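Working through the structure, step by step
The chain contents come next:
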Amino acid sequence: MTSKELRELDDAKLNEKLVETRQELFGMRFKHATAQLENTMSLSGAKKTIARILTIQRERQGA
């Protein structure tokens, strides 16, 4: 998801998306360790999405 799409979500949905993305990343790490992950770029994509979500949450806390 892009930053614009994430900013449109409310706090509850944003938190839900964070939990979902972290679970996906966890699963991808296991697949990568067992050489079952086909697209390794998805790891960095998930990490970037988590970072975007955390950044948006911190911005909202400061406002």
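In this report, we go over the structure that sits alongside the text.

What counts and what doesn't
Residues numbered from 1 in each chain as written. Predicted model: local features only at pLDDT ≥ 70, side-chain atom pairs only at ≥ 80, totals over all residues. Heavy atoms only, no water. Helix = DSSP H or I, 4+ residues; strand = E, 2+ residues; numbered from the N terminus. Contact = heavy atoms within 4.5 Å. Salt bridge = Lys/Arg side-chain N within 4 Å of Asp/Glu carboxyl O. Buried < 20%, exposed > 50% of the residue type's maximum accessible area, 1.4 Å probe, protein only.

What about the environment of Gln57?
- Within the secondary structure layout, Gln57 lies in helix α3 (residues 41-62).
- Taking the C-alpha atoms as reference, Gln57 lies 8.1 Å from Leu14; in sequence the two are 43 residues apart.
- Beyond its immediate chain neighbours, meaning those up to four positions away, Gln57 contacts Leu14, Asn15 and Leu18.

Structural notes on the pattern of salt bridges
- Per the counting criterion, the structure on display carries three salt bridges.
- Put simply, Glu59 and Arg7 hold a salt bridge, and the shortest N to O gap is 2.6 Å. One end of the pair, Glu59, is in helix α3; the other, Arg7, is in helix α1 (residues 3-7), with 52 residues separating them in the sequence.
- Glu59 gets classed as partly exposed once you look at its relative accessible area, which sits at 41%.

Take it as geometry only, folks, not as evidence of what the structure does.
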